Amino acid sequence: MSKFKEKAFWIAAGDFGGRGLAFITTIYLARTLGAEFYGLITVAVSILGYATWGADMGLVNIGVREMAKEPQFRTFRAKEIFTTKVLLGALVLISSTIILSLVSIGSLQKQVILGYLYALVPYALLLEWYYSGRQEFGKIALSKIVNGLVYFGLIFWLIKSSDDVTLVPMLYTIGITSAVVILGTFSLTHHPFTLPSRGFKTYIELLKNGSLIGLGEFFVKIVQLLPPILIGIFFSLREAGIYGAAFKIILVAMLLDRIFVNLLLPNLSSLWTTNKEAAIQRVNMVLRLVIVGGALVSVLTAINADKIVILLFGSEFIESAELLQILSIFIFLTFVNSLFSFGLIATNNDKKYFLATSIGGSLSAIIIILISSYGSPNLVAISVIISEFILATSSFIWFKKVIPTQILRPLLITIVLSVGLFWIFDHFEVHYLLASVISIISIPILVWKTKVIRIGELNWLKEKLLK
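These figures come from a predicted structure and were not determined experimentally. (Residues numbered from 1 in each chain as written. Predicted model: local features only at pLDDT ≥ 70, side-chain atom pairs only at ≥ 80, totals over all residues. Heavy atoms only, no water.)

Engineer: Any details on the overall build of the protein? Residues and values, ideally.
Structural biologist: A count of helices and strands for the protein gives 19 helices and 0 strands. For the protein, the proportion of its 467 residues judged to be buried stands at 52%. Here the analysis covers contacts within the protein between residues at least 6 apart in sequence; of these, 85% occur between residues at least 24 apart. Only carbon and sulfur atoms are counted for the fraction: they give 69% of the accessible area of the protein, which is about 20,600 Å². (Helix = DSSP H or I, 4+ residues; strand = E, 2+ residues; numbered from the N terminus. Buried < 20%, exposed > 50% of the residue type's maximum accessible area, 1.4 Å probe, protein only. Contact = heavy atoms within 4.5 Å. Areas by Shrake-Rupley, 256 points an atom, 1.4 Å probe, with all protein chains shown as cover.)

So this is what it looks like as structure tokens:
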């Protein structure tokens, strides 16, 4: 097996194994707890997402980037990154607990949210960033699968009705802890912290560098984490659960994007330091493949939306189908945005990443909040699409200053083909299975005929897969 295929395999195994099990667990929770209490879980997890951001502040991406370099080229050491993560995690947990105690919400809601916040402890100790930077994806895959198995097993064993909802965050934390134990055990033989910390000034510099990425990530997270919280506030927890079910399916569809990002960041970071011309050429090849791949996944998700929702979550969540069709566009936009935003990080352009995400994210936050205040869950979903488009556009503007790209023609052709196919299927009520088969066959053929994908991209992909 080639190194590329081996890395892709282990990333896929970790994401599809760990996240796949987490998704199965989510389905069980949604069916067992019902839409309202699943909505509470969705809101609590979104709040945890913001807390995790505060406890990270870009350190994970810094860690991946630094560990991908040869030791003599590293700006920050593993021990410095780890220690900073632990200190930030403790600070955010204490601050979050104090803030939550002052918020006027029901005792049940407060208990569930606080329960999830305790997951900050194992998150701070997790060494996934270290092994990701070293591209030892097999160890990460094992930790994710064990995490998923432990979480699923405990949920299936202990959660039997909505009365058990307060146990869910505790079991979630135990699952994360199992991943910490797995990677921590590997570290006993790998000794990641052999080099000592270099003092207070280094930590300040690390926080300064991380804050650019961290603040940028805050704005990126807006489109994923803010909508369910706002829906829970302005509408109801049930509506938050309906939205959460649709978006959970989107996140599963985006597993391919996760594989892409985990391969891109360390590889591009390494190549950028040695051969910038080769890095530019590779990015432009990957961009075309990403555009086509994202479009195909989006079309398939939109075509099968109602069948997917009923099959996974049941008839109680049928309202999620329309939301899923709207949010399917999010997959395509995120595929493209990932190349631009993570490309800026990989090429050490942290300030440009911060500017791109802060400008785009600020506009996105305004749009989502305004529409959530006066609109409906469907309009909130549309605001998420608009916001991700703004973020992608902002990232592209800054990315193009670093790496010249030719995106307009392949982007327009792929969008027209995808939208045209979906309109035909919807207008003529083509059976979803037939529509799916036609999409899988016709989109690759059409992008080849229109020269969106050329022989260079195929040869590069073939080389990577067979090398």
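Engineer: Mind laying out helix H7 (residues 137–158), listing which residues take part and the relevant values?
Structural biologist: If you check H7, its first and last C-alpha atoms are 31 Å apart, about what 22 residues at 1.5 Å a residue would give, namely 32 Å. Of the positions making up H7, those classed as buried are Phe-137, Lys-139, Ile-140, Ala-141, Ser-143, Lys-144, Asn-147, Gly-148, Tyr-151, Leu-154 and Ile-155. (Expected span 1.5 Å × (residues − 1).)

Engineer: Explain the side chain of Thr-301 residue by residue, including any values.
Structural biologist: By the element assignment, Thr-301 lies in helix H12 (residues 276–303). Assessed through its relative accessible area of 7%, Thr-301 is described here as buried. If near-sequence neighbours (up to four positions away) are discounted, Thr-301 is found in contact with Ile-250, Ala-253, Ile-308, Leu-324, Ser-328 and Ile-331.

Engineer: Please provide a residue-by-residue account of the pattern of salt bridges, values included.
Structural biologist: All told, the structure shown has 3 salt bridges when counted by the stated rule. Ionic pairing is found between Glu-128 and Lys-144, a salt bridge with its closest N-O pair at 3.7 Å. Of this pair, Glu-128 sits in helix H6 (residues 128–133) while Lys-144 is found in helix H7, placing the two residues 16 residues apart along the sequence. The class for Lys-144 is buried, based on a relative accessible area of 15%. (Salt bridge = Lys/Arg side-chain N within 4 Å of Asp/Glu carboxyl O.)

Engineer: Residue-level account of unusual backbone geometry, with values.
Structural biologist: Of note, Met-57 is a non-glycine position whose phi angle comes to about 50 degrees, a positive value. Along the chain, the position of Met-57 falls in the loop between helix H1 (3–56) and helix H2 (59–67). Judged by its relative accessible area of 15%, Met-57 falls in the buried class. Within the chain, Lys-451 stands out as a residue other than glycine whose phi angle is a positive 65 degrees. Topologically, Lys-451 is positioned in the loop between helix H18 (432–449) and helix H19 (455–466). On the accessibility criterion, Lys-451 (57% relative accessible area) is exposed.

Engineer: Give a description of a nonpolar patch on the surface that names residues and reports values.
Structural biologist: Together, Val-437, Ile-440, Ile-441 and Ile-445 give the surface a local cluster of nonpolar side chains, amounting to about 350 Å² of exposed area. Relative to the assigned elements, Ile-445 resides in helix H18. (Patch = residues over 30% accessible without salt bridge, like charges linked within 9 Å, V, L, I, M, F, W, Y side chains within 5 Å.)

Engineer: So what about the packing of aromatic side chains? Which residues, and what values?
Structural biologist: For the coordinates displayed, the defined rule picks out 14 aromatic pairs. Each ring, one from Phe-152 and one from Phe-156, has its centre 5.8 Å from the other, and the planes form 25 degrees; the classification is stacked. Here Phe-152 pairs with Phe-156, and both are found in helix H7, just 4 residues apart, close to one helical turn. With a relative accessible area of 45%, Phe-156 lands in the partly exposed category. Note on Phe-340 and Phe-399: the rings are 5.3 Å apart at their centroids and 45 degrees apart in plane angle, and the pair reads as tilted. One end of the pair, Phe-340, is in helix H14 (residues 320–346); the other, Phe-399, is in helix H16 (residues 377–402), and 59 residues separate them in sequence. Grouping aromatic residues by their ring pairs yields a cluster made of Phe-23, Tyr-38, Phe-313 and Phe-317. A cation sits over an aromatic face here: Lys-160 above Phe-156, 5.2 Å from the ring centre. (Phe/Tyr/Trp six-rings, centres within 6.5 Å; stacked < 30°, edge-to-face > 60°. Lys NZ or Arg CZ within 6 Å of the ring centre and 35° of its normal.)

Engineer: Pulling in residues and values, what's your account of the side chain of Ser-143?
Structural biologist: Summarising the element assignment, Ser-143 is placed in helix H7. Of the residues examined, Ser-143 reaches a relative accessible area of 2% and is grouped as buried. If we skip the residues at most four places from it in the chain, Ser-143 touches Ala-179, Ile-182 and Leu-183.

Engineer: Report on the nonpolar core, specifying residues and quantitative values.
Structural biologist: Here is a general trend for soluble globular proteins: nonpolar side chains tend to be buried in one another's company. The biggest cluster of nonpolar side chains holds 117 residues, and the ones touching the most others in it are Tyr-116, Trp-129, Phe-313, Phe-317 and Leu-327. A total of 17 residues in this core trace back to one element, the largest contributor, which is H1. What Leu-327 contacts, discounting residues up to four positions off in sequence, is Tyr-243, Ala-246, Phe-247, Ile-250, Ala-381, Val-384 and Ile-385. Listed in part, the 11 residues of the second largest apolar core include Leu-296, Val-299, Ile-303 and Phe-425. (Core = buried A, V, L, I, M, F, W, Y, C linked by side-chain atoms within 4.5 Å.)

Engineer: I'd love a proper account of the packing of helix H15 (residues 350–374) against H16, names of residues and values included.
Structural biologist: Interhelical geometry of H15 versus H16 gives an angle of 165 degrees and a closest axis separation of 8 Å. Regarding the angle of H15 to H16, the classification is roughly antiparallel. Considering the relative orientation of H15 and H16, their crossing is right-handed. Split into classes, the residues belonging to the contact of H15 with H16 amount to 14 nonpolar, 9 polar and 2 charged. (Axes fitted to C-alpha atoms, helices over the stretch in contact; angles between N-to-C directions. Parallel < 35°, antiparallel > 145°, perpendicular 65-115°, else oblique. Left-handed = near helix turned anticlockwise from the far one by under 90°. Nonpolar A, V, L, I, M, F, W, Y, C, P; charged D, E, K, R; others polar.)

Engineer: Tell me about the environment of Ser-162, and please be specific about residues and values.
Structural biologist: Residue position: Ser-162 is located in the loop between H7 and helix H8 (168–190). You can call Ser-162 partly exposed: its relative accessible area is 25%. Contact partners of Ser-162, with chain neighbours within four places excluded, come to Thr-32, Leu-33 and Phe-37.

Engineer: How would you sum up the packing of helix H9 (residues 200–234) against H15? Please name residues and give values.
Structural biologist: In helix packing, the relevant descriptors are the interaxial angle and the interaxial distance, both defined with respect to the helix axes. Taken N-terminus to C-terminus, the directions of H9 and H15 make an angle of 15 degrees; their axes are 7 Å apart at the nearest point. On the basis of their axis angle, the class for H9 and H15 is roughly parallel. The way H9 lies across H15 gives a crossing that is left-handed. A class-by-class count of the residues in the contact of H9 with H15 yields 16 nonpolar, 9 polar and 3 charged.

Engineer: Give me the lowdown on the environment of Leu-379, citing residues and values where you can.
Structural biologist: When you line up the elements, Leu-379 lands in helix H16. Its relative accessible area of 40% is what places Leu-379 among the partly exposed residues. Once the C-alpha coordinates of Leu-379 and Leu-323 are considered, the two residues, 56 residues apart in sequence, prove to be 9.2 Å apart.

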